[in-house]
Amino acid sequence: MHAFDVLGDPVRRRILELLADGELTSGAVTSVIQQEFGISQPAVSQHLKVLRESGFATVRPDGARRLYAVSTEPLRDVDVWLDRFRRFWTPPLDALATELARGKRQRRLQQQAGHEPDQENSP
């Protein structure tokens, strides 16, 4: 299965988000996913299986429990693929960061000078 087929499903994306914070038992994952998506335990298990078989998640036994974690390699592959498209959003984001910094600097200088921000020029 292609990485974007795996990541295209909102349930699997949410599971990865949960696992990004650290290992979780299948029961903990199931509890959150059932509450948020209203799907059955077998359906959650199928999503975990897809993540495991596609390499996005690992599982290790811990007694009777199964602990799931994110596997970074497929995510690196996605990052490499996305790299060719970064040119579309990186310059606009850099420009936005510059404008935000400029606005903060202007407000700081105005406050230091004892002036209220100019209401005509504010967005």
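Just so we're clear, the structure is a prediction, and the values are computed from it rather than from any experiment.

## A word on the confidence of the model for the protein chain
Part 1 of the reasoning: Across the protein chain, the average pLDDT comes to 88, with 89% of residues at 70 or higher.
Part 2 of the reasoning: Between the elements of the protein chain, mean pLDDT differs from a low of 81, seen in helix α6 (residues 86–112), to a high of 97, seen in helix α2 (residues 10–20).

## Focus on the side chain of T30
Part 1 of the reasoning: Tracing the backbone through its elements, the reader meets T30 in helix α3 (residues 26–37).
Part 2 of the reasoning: When neighbours within four sequence positions are excluded, T30 is seen to be in contact with Q41 and V44.

## Looking at the sheet that holds strand β3 (residues 65–70)
Part 1 of the reasoning: Judged by pairing direction, the sheet is antiparallel, and its 3 strands sit side by side in the order β1-β3-β2 without closing on themselves. Each having just a single partner strand, β1 (24–25) and β2 (57–62) make up the two edges of the open sheet.
Part 2 of the reasoning: Taken together, the 6 bridges between β2 and β3 define a ladder with antiparallel strand orientation. When the bridges of β3 are listed, V59 appears paired with Y68.

Thresholds, definitions, all that
- Residues numbered from 1 in each chain as written.
- Predicted model: local features only at pLDDT ≥ 70, side-chain atom pairs only at ≥ 80, totals over all residues.
- Heavy atoms only, no water.
- pLDDT = per-residue confidence, 0-100.
- Helix = DSSP H or I, 4+ residues; strand = E, 2+ residues; numbered from the N terminus.
- Contact = heavy atoms within 4.5 Å.
- Pairing = 2+ DSSP bridges.

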